[in-house]
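In case you want the letters, here they are:
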Amino acid sequence: LENTQTIVVESIKRIVVSWVRIKGEHPTLSDYLQSALRRDYSTLSKLFSETCGITIERFCIRQRIEYVKELLCYEQQNIKEIAYTLGYSSPAHLSSQFKQETGVSPKQFKNGHEAASRKFIDSL
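Source: prediction; values computed, not measured.

The rules behind these values
Residues numbered from 1 in each chain as written. Predicted model: local features only at pLDDT ≥ 70, side-chain atom pairs only at ≥ 80, totals over all residues. Heavy atoms only, no water. pLDDT = per-residue confidence, 0-100. Helix = DSSP H or I, 4+ residues; strand = E, 2+ residues; numbered from the N terminus. Expected span 1.5 Å × (residues − 1). Buried < 20%, exposed > 50% of the residue type's maximum accessible area, 1.4 Å probe, protein only. Core = buried A, V, L, I, M, F, W, Y, C linked by side-chain atoms within 4.5 Å. Contact = heavy atoms within 4.5 Å.

## What about the confidence of the model for the protein?
Argument step 1. Residues of the protein with pLDDT of at least 70 account for 88%, and the chain-wide mean is 88.
Argument step 2. Mean pLDDT values over the elements of the protein span from 73, in helix H7 (residues 106-117), up to 95, in helix H3 (residues 41-52).

## Observations regarding helix H4 (residues 56-74)
Argument step 1. Spanning 19 residues, H4 covers 27 Å between terminal C-alpha atoms, matching the ideal 27 Å at 1.5 Å per step.
Argument step 2. Burial analysis of H4 places 14 of its 19 residues in the buried class, the great majority of the element.
Argument step 3. Note on H4: the residue one or two positions beyond its end, Glu75, has a positive phi of about 55 degrees.

## Here's the deal with the nonpolar core
Argument step 1. Ile12, Val16, Leu33 and Ile56 are the most contacted members of the largest nonpolar core, which has 31 residues in total.
Argument step 2. Breaking this core down by element, the ones donating at least two residues are helix H1 (2-20), helix H2 (29-37), H3, H4, helix H5 (79-85) and helix H6 (91-102).
Argument step 3. Residue contributions to this core peak at 9 residues, all from H4.
Argument step 4. With near-sequence residues (within four places) excluded, Ile56 lies in contact with Ile12, Val16, Leu29, Leu33, Tyr41, Leu44, Ser45 and Phe48.

Structure follows, in structure tokens:
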């Protein structure tokens, strides 16, 4: 049973990472997970929270912010383009969430914090 739960949790993580990287129109995360795993979202959410100690939503936010950091490091898109690419309602929403999660604004990050604050996906 524990092995099955571990497999489901790892599948959730993998699916969230793929959801974050979808370009353009995003299905809701809950619909995306339910469709991929063929299980009720509330069941998946409860299992994930109990196993990982954080919600799927918090894990998703962390993944999104790490992806924003990656995109900022490439310097091919500005914050407005990144916000719309990742499905944020506005650049201000992205900036606010970024600062809440990292303690610095996207601009501050881009101007020198990137090396110190990037995290590997498996450490999230």
